[in-house]
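If you want the building blocks of each chain, they are given just below.
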Amino acid sequence: MDDVQYGLASGYRIAVLERGDAWLWRLTTPAGRDAGGFAPDEGSARRCAAFAAFTISALERASARRV
């Protein structure tokens, strides 16, 4: 299956790829950081990536406030 790309309003990019028995999700932040993992199906992969984007964004905001 082809690479499925999703863009989030905050500038994060999510790619979801089928890899045999699992789905690979990759997240790229606007700053160029990458995160990724595996999930059992496409929907779970999208949710994992979206949760990772939310979490990374929250951590970056919290870090910026503590300067």
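The structure this text deals with has already been given above.
Note that the structure is predicted; figures quoted are calculated from it, not measured.

Some thoughts on the overall build of the protein chain
The helix and strand tally for the protein chain stands at 1 helix and 4 strands. Secondary structure elements of the protein chain occur, N-terminal to C-terminal, as β-β-β-β-α. Within the span of the protein chain, comprising 67 residues, buried residues form 28% of the whole. Across the protein chain, every contact between residues at least 6 apart in sequence was considered, and the portion connecting residues at least 24 apart equals 23%.

Some details on the pairing of strand S4 (residues 34-39)
As judged from the 6 bridges shared by strand S3 (residues 22-28) and S4, these two strands associate in the antiparallel manner. Each bridged residue has a counterpart across the sheet, and for Trp-25 the counterpart in S4 is Gly-37. In sequence, S3 turns back onto S4 through a hairpin of 5 residues, with Gly-32 there showing a positive phi of about 95°.

Some words on the nonpolar core
Within the largest apolar cluster, 11 residues are counted, these being Tyr-12, Ile-14, Val-16, Trp-23, Trp-25, Leu-27, Ala-39, Ala-45, Ala-49, Ala-52 and Ala-53. Here this core takes 4 residues from helix H1 (residues 42-65), the largest share from any one element. For Ala-49, the residues in contact, after removing those within four places along its chain, are Ile-14, Trp-25 and Leu-27.

A word on the pattern of salt bridges
One pass over the full model with this rule turns up 3 salt bridges. As a salt-bridge pair, Arg-33 and Glu-60 come within 2.6 Å of each other at their nearest N and O atoms. Placement of the pair is Arg-33 in the loop between S3 and S4 and Glu-60 in helix H1, with a sequence separation of 27 residues.

Focus on the side chain of Ser-44
You can see Ser-44 is positioned in helix H1. Here the side chain of Ser-44 touches Arg-47 through a polar contact of 3.2 Å, side chain to side chain.

Scoring rules and cut-offs
Residues numbered from 1 in each chain as written. Predicted model: local features only at pLDDT ≥ 70, side-chain atom pairs only at ≥ 80, totals over all residues. Heavy atoms only, no water. Helix = DSSP H or I, 4+ residues; strand = E, 2+ residues; numbered from the N terminus. Buried < 20%, exposed > 50% of the residue type's maximum accessible area, 1.4 Å probe, protein only. Contact = heavy atoms within 4.5 Å. Pairing = 2+ DSSP bridges. Core = buried A, V, L, I, M, F, W, Y, C linked by side-chain atoms within 4.5 Å. Salt bridge = Lys/Arg side-chain N within 4 Å of Asp/Glu carboxyl O. Polar contact = N/O pair within 3.5 Å; in protein donor to acceptor, adjacent residues only side chain to side chain.

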